[in-house]
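Reading the structure
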Amino acid sequence: MQTGKPGEGDSAAPQGSFQRRPTAFHDVISTEAGARFAPEAGRYHLYVSHACPWAHRTLITRALKGLEHVIDVSVVNWYLDFGRGWSFDEGEGVVVDPNEHVGVMRELYQIASSNYAGSITVPVLWDKTERTIVNNESSEIIRMLDGAFQDYAKRPELVLSPSELLGVIDEVNGPIYDAVNNGVYKAGFARSQEAYDHAVNALFDRLDALEDRLSNQRWLVGDRFTEADVRLFTTLIRFDPVYNTHFKCSRRRIADYPNLWAYTREIAQVPEVRATIHLDHIRNHYYVSHAGVNPRRIVAAMPATYDLDAPHDRARLGGHPVLPTA
């Protein structure tokens, strides 16, 4: 999640569309001999926001793989000042930086690159040894967590991006990212009716297709939980509490989709996943930080239908549970 002004950047058709700035650090942790960044326990550190769906991907992957003892985490304050950026200002749930003792994420980026002038985003995967950012692209970080740390993972048998499914996973991820993960932002930060209509129509067309897909299979890629499900989940879990109201994604709620809502609940009921969900950070961040969208910074009431613990009955579709059984 970037700290640039919402809607900032070069607009693409339709006019007034939200354009997300690209991430800048794309190094890789690799098991290959001579790799600059080799997997080691205790060498790397994650900087995250509990509010951010992109950072949430990395926390879920870390928890499901059982890497908490290998990679530690710092958590920024949920409030995002779009001038100052993410900070470690005192607040509930904040975990300060134990490595460089920075007060704001911008300082960390400047340690990694003194002339850095790009977006200040989370998540960040930090190398304590070289005092630099390895990677700040969530899609790349989760693949490293899934693959490079197998020798350290408590659950190496859980492979979220198996090589034989990568092609299908990538095919599924692409349109979900464009229309759903990023689509809610395109709707919420649209600067014209045309841009909003385009984004919200694409969003709900894709949600309709996903509802149909999940009506006859348990997971996005057949019978096993994969990276694709992690990536979709972090948007779905935020949809009814935030995006439906705050970003005007109001045609339907996820609760109005029987299969998508049951699918969301099944994932959320996994204890390792549930521990990564912080709805207080999520809701406060969006409603209070985005003054351009919500100038009075009023936090909307939680929907009464939002019960993550209701039975999901997804096992009727066959397939495997999120975590492999012993």
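Residues numbered from 1 in each chain as written. Predicted model: local features only at pLDDT ≥ 70, side-chain atom pairs only at ≥ 80, totals over all residues. Heavy atoms only, no water.

Points about the nonpolar core
Soluble globular proteins: nonpolar side chains tend toward being buried together. Met 105, Leu 207 and Leu 220 are the most contacted members of the largest nonpolar core, which has 95 residues in total. If near-sequence neighbours (up to four positions away) are discounted, Leu 207 is found in contact with Val 180, Leu 236, Phe 239, Ile 254, Tyr 257 and Leu 260. (Core = buried A, V, L, I, M, F, W, Y, C linked by side-chain atoms within 4.5 Å. Buried < 20%, exposed > 50% of the residue type's maximum accessible area, 1.4 Å probe, protein only. Contact = heavy atoms within 4.5 Å.)

Some remarks on helix α2 (residues 105-112)
All of the buried residues along α2 are Met 105, Leu 108 and Tyr 109. Viewed along the axis of α2, the buried residues span an arc of 100 degrees, placing them on a single side of the element. In this structure, the buried side of α2 is in contact with β1 (44-48), β3 (124-127) and β4 (132-135). (Helix = DSSP H or I, 4+ residues; strand = E, 2+ residues; numbered from the N terminus. Arc of directions from axis to C-beta.)

Structural notes on the sheet that holds β1
Hydrogen bonds along the backbone pair up the strands of a sheet, which may run parallel or antiparallel. Taking strand neighbours across the sheet as the criterion, the four strands line up as β2-β1-β3-β4 in an open arrangement whose pairing is mixed. Each end of this open sheet is capped by a strand with a single partner; those strands are β2 (72-75) and β4. Strand-to-strand twist across the sheet, computed as the mean angle between neighbouring axes with direction ignored, equals 35 degrees. Here β1 pairs with β2 via four bridges, running parallel. By the bridge assignment, His 45 is partnered in β2 with Asp 72. Packing of α2 onto the sheet brings it into contact with β1, β3 and β4, and relative to β3 it is tilted by some 50 degrees. (Pairing = 2+ DSSP bridges. Axes fitted to C-alpha atoms, helices over the stretch in contact; angles between N-to-C directions.)

Some points on the side chain of Lys 65
You can see Lys 65 is positioned in helix α1 (residues 53-65). Exposure remark for Lys 65: the relative accessible area of 0% places this residue in the buried category. Here the side chain of Lys 65 touches Asp 146 through a polar contact of 3.1 Å, landing on its backbone oxygen. Not counting the four nearest positions on each side in its chain, Lys 65 is found in contact with Leu 145, Asp 146, Gln 150, Ala 153, Lys 154, Arg 155, Pro 156, Leu 158 and Val 159. (Polar contact = N/O pair within 3.5 Å; in protein donor to acceptor, adjacent residues only side chain to side chain.)

A few points about the pattern of salt bridges
Where charged atoms of side chains with opposite charge meet at close range, the side chains can pair. Using the criterion set out here, one finds 17 salt bridges in the structure. One salt bridge in this structure joins Asp 72 and Lys 128, with 3.2 Å as the shortest N-O distance. Taken together, the residues Asp 72 in strand β2 and Lys 128 in the loop between β3 and β4 connect sequence positions 56 residues apart. The class for Lys 128 is partly exposed, based on a relative accessible area of 27%. As a salt-bridge pair, Asp 89 and Arg 84 come within 2.7 Å of each other at their nearest N and O atoms. What makes Arg 84 partly exposed here is its relative accessible area of 39%. Counted as one network, the salt bridges with shared partners bring together Glu 40, Arg 43 and Asp 127. (Salt bridge = Lys/Arg side-chain N within 4 Å of Asp/Glu carboxyl O.)

Quick word on the pairing of β4
In this sheet, β4 lies alongside β3 in antiparallel orientation, the contact comprising three bridges. Among the inter-strand pairings, Leu 125 is bridged to a residue of β4, identified as Asn 135. Linking β3 to β4, which pair antiparallel, is a turn of four residues; within it Arg 131 sits at a positive phi near 55 degrees.

Here we look at the confidence of the model for the protein
Per-residue confidence for the protein averages 95 on the pLDDT scale, and 96% of its residues sit at or above 70. Across residues 3-13, confidence stays below pLDDT 50; counting only partners more than four residues off in sequence or on other chains, it has 23 contacts. (pLDDT = per-residue confidence, 0-100.)

So, the packing of aromatic side chains
Under the defined criterion, the tally for this structure stands at 25 aromatic pairs. Among the aromatic side chains, those forming a connected cluster through ring pairs are Phe 18, Trp 54, Tyr 177, Tyr 185, Phe 189, Phe 204, Phe 239, Tyr 243, Phe 247 and Tyr 286. (Phe/Tyr/Trp six-rings, centres within 6.5 Å; stacked < 30°, edge-to-face > 60°.)

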